[in-house]
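Observations on the three-dimensional arrangement
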Amino acid sequence: MSTFFEPDGEWATELTELQTRRAQARAMGGAEALAKFKATGRMNARERIEHLLDAGSFREFGQIAGKGHYSREGVFERLDPTNAITGTGRIEGRKVALHVDDFSIRAGSSEAAIADKWIYIERMAHQLRLPLVRLVDSAGGSVKLLMQLGGTKIPEYPSWPANALLDTVPVAAVALGACVGQGAVKVLSSHFSVMVREQAQVMAAGPHVVQQAYGQTIDKNELGGHKVHRKSALVHNEADDEADALAQVRRFLSYLPRSVFHLAPAVPASDDPQRADDWLKDAIPRDRRKIYDPRKILAAVLDQSSLFEIGRWQGGSVITALARLNGIPVGVIANDPKVQGGAMTIQAAYKMERHVKLCSQFGLPVVNFVDQPGNQTGLEAELGGTLLGATRVGEALHQCRSPWASVLIRRCFGMAGALHAPKYGEALNFRVAWPSARWGSIPIEGGVMAAHKTEIEAATDPAAKRAELEAFYLNMTSPFRTAEKFGILDIIDPRETRALLCDWVEDAWERVKSDRVPAG
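These notes cover the structure that comes with them. (Residues numbered from 1 in each chain as written. Predicted model: local features only at pLDDT ≥ 70, side-chain atom pairs only at ≥ 80, totals over all residues. Heavy atoms only, no water.)

**Examining the environment of E92**
Mapped onto the secondary structure, E92 falls in the loop between β4 (84–91) and β5 (94–101). The spatial distance from the C-alpha of E92 to the C-alpha of L234 is 28 Å, given a sequence separation of 142 residues. Contact partners of E92, with chain neighbours within four places excluded, come to D54 and R250. (Helix = DSSP H or I, 4+ residues; strand = E, 2+ residues; numbered from the N terminus. Contact = heavy atoms within 4.5 Å.)

What follows is the structure in structure tokens.
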């Protein structure tokens with residue numbers, strides 16, 4: 001946002017030059033480069049800024065940084081602007097810092113960048129405790145940089161507070177094109193990242209480098225596109241287009257505080273905390289071999305339209321999301337029986353660990369809807385290090401400082417089942433269960449066969465004998481027996497879940513506020 005003043009008075013010459021320099025900076029890579037870029041169906045850097053921020057709120061810094069060209073007499077002729085646009089703006093009225101790549105200038109390469117400029121805005125975000133948004137569209141380094149520097153340099157940015165930022169403020173990053181090398185680092189060094197399908201790639205090096213290094217010919221999407229990162233889990237979310245990606249960043253930040261020293265924004269409640277959807281009583285099928293839709297349950301219990309899922313396409317046996325309960329922001333975890341039966345896979349473990357740390361760091365109470373059959377088993381799981389992933393989840397839970405509620409809706413078995421909440425030291429788990437819940441060291445089906453294999457195989461009707469034993473043990477696992485010994489706080493009617501959690505979150509939020517905001 002710049003105010004226009006007439007370049008008059010005693011300094012009219014200099015003010016006119018200032019306006020000229022600013023105009024040339026706003027021209028970015030020039031009309032031809034912008035037209036070529038637009039023909040690909042993409043927004044340019046400044047259009048992206050306008051789309052992300054509240055109208056008229058962008059205040060640019062370092063507008064006229066770049067390479068100046070002068071006559072023999074030293075008179076200014078023109079400016080080649082740097083390809084990083086930086087500044088501050090507002091999203092829903094809340095201040096953020098922006099670091100934006102301009103691909104129209106030498107493909108966003110560091111050859112055309114002034115690192116001090118983008119490092120400055122990130123240092124500002126760290127020191128003034130501003131959420132940071134990176135819009136990344138950078139082809140990475142270029143050998144032409146050697147000519148510009150007249151030599152080489154050790155690859156480092158010692159004044160860039162990348163890790164300190166992650167410890168202090170929410171960092172969101174959008175991959176909008178080929179994000180290579182340092183560009184990839186800028187995407188991944190974030191609390192939330194999103195990439196545009198079929199348009200963005202995140203990779204250590206591009207296809208030309210891969211061809212030279214390994215003799216392997218590969219397309220850039222095959223190398224670092226969204227289908228790759230569904231498996232790698234390096235990038236959290238995917239977007240249909242740029243507008244969707246920017247909208248996701250706005251939504252993500254709406255749940256988070258300005259910094260770890262601030263409180264996340266609660267909003268006026270718009271959904272009745274006493275709302276009770278009657279179908280919840282039958283949400284879990286009585287047949288233990290049937291599955292259900294956990295997202296439908298989440299939508300019924302949490303504030304309407306408040307669920308924002310993170311990492312939908314990776315580690316799918318666990319759902320991680322942000323949402324609201326009676327207007328208060330919360331972290332959400334749920335198992336999805338439609339993927340790997342809801343078991344703890346290495347990808348799910350990484351996803352859950354990441355989400356627990358996010359919620360703990362930024363003061364979000366957590367609600368976990370538990371249907372955990374245990375760790376994934378088999379050769380693939382052992383080779384993948386699933387148990388190590390589960391151990392890391394345990395470490396994250398032990399360090400978690402968020403108030404925590406667990407709703408055991410179906411299964412809670414084994415080591416992975418034990419990881420449904422922090423339970424050590426002073427950690428207090430507000431834990432309730434639906435009548436459909438069962439728990440123990442091992443699921444009944446597998447446990448019966450392991451313990452009674454000889455008896456079952458010797459029976460006249462092995463299938464009938466196995467069913468008989470399973471029915472016997474299932475009665476032993478009734479959640480009411482655990483409640484009799486106060487092994488769980490309460491067994492509840494599923495229709496009571498929303499009202500109970502809305503009541504709990506009121507007190508949880510008071511705890512968060514007292515921890516974040518000093519008294520007086």
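After that view of the structure, there is still more to cover.
**Considering the pairing of strand β16 (residues 404–413)**
The element β16 is extensively covered by neighbouring structure, given that nine of its ten residues are classed as buried. One ladder, built from six bridges, connects strand β15 (residues 366–372) with β16; its direction is parallel. Within the sheet, the bridge partner assigned to Q372 lies in β16 and is C412. Of the pairings in the sheet, the one linking β16 to strand β18 (residues 438–440) comprises three bridges and is parallel in character. Bridging across to β18, R411 finds its partner in R438. (Buried < 20%, exposed > 50% of the residue type's maximum accessible area, 1.4 Å probe, protein only. Pairing = 2+ DSSP bridges.)

**A closer look at the pairing of strand β2 (residues 66–70)**
With five bridges connecting them, β2 and strand β3 (residues 76–81) associate as antiparallel partners. Considered in β3, the bridge of H69 is made with R78. Taking the residues between adjacent antiparallel strands as the criterion, β2 and β3 are bridged by five residues, where G74 takes a positive phi near 85 degrees.

**Quick notes on helix α3 (residues 45–52)**
In an α-helix, one full turn covers 3.6 residues, which means residues spaced three or four apart are oriented alike. The complete set of buried residues in α3 reads A45, R46, R48, I49 and L52. In a view along the axis of α3, the buried residues occupy a sector of 155 degrees, so they form one face of it. With a side-chain oxygen positioned 3.0 Å from the backbone nitrogen of R46, the residue opening α3 is N44. (Arc of directions from axis to C-beta. Polar contact = N/O pair within 3.5 Å; in protein donor to acceptor, adjacent residues only side chain to side chain.)

**Re a positive patch on the surface**
A grouping of R59, R90, K95 and R258 is seen on the molecular surface, where their side chains present a positively charged patch. Position of K95 among the secondary structure elements: in strand β5. (Patch = residues over 30% accessible without salt bridge, like charges linked within 9 Å, V, L, I, M, F, W, Y side chains within 5 Å. Areas by Shrake-Rupley, 256 points an atom, 1.4 Å probe, with all protein chains shown as cover. Salt bridge = Lys/Arg side-chain N within 4 Å of Asp/Glu carboxyl O. Lys, Arg positive; Asp, Glu negative; His and termini not counted. Charge placed at Lys NZ, Arg CZ, Asp CG, Glu CD.)

**Section: the packing of aromatic side chains**
The full count for this structure, using the stated rule, is seven aromatic pairs. Residues W118 and W160 carry aromatic rings whose centres are separated by 5.2 Å and whose planes lie at 85 degrees to one another, so their mutual orientation is edge-to-face. Of this pair, W118 sits in helix α4 (residues 115–127) while W160 is found in the loop between α5 (144–149) and α6 (162–168), placing the two residues 42 residues apart along the sequence. Of the two residues examined, W118 and W160, each falls in the buried class. An aromatic cluster of at least three residues, connected via ring pairs, comprises F192, F252, Y255 and F308. Above the face of the W313 ring, R230 is positioned so that its terminal group lies 4.3 Å from the ring centre. Of note, K296 hangs over the ring of W279, and the distance from its end group to the ring centre comes to 4.5 Å. (Phe/Tyr/Trp six-rings, centres within 6.5 Å; stacked < 30°, edge-to-face > 60°. Lys NZ or Arg CZ within 6 Å of the ring centre and 35° of its normal.)

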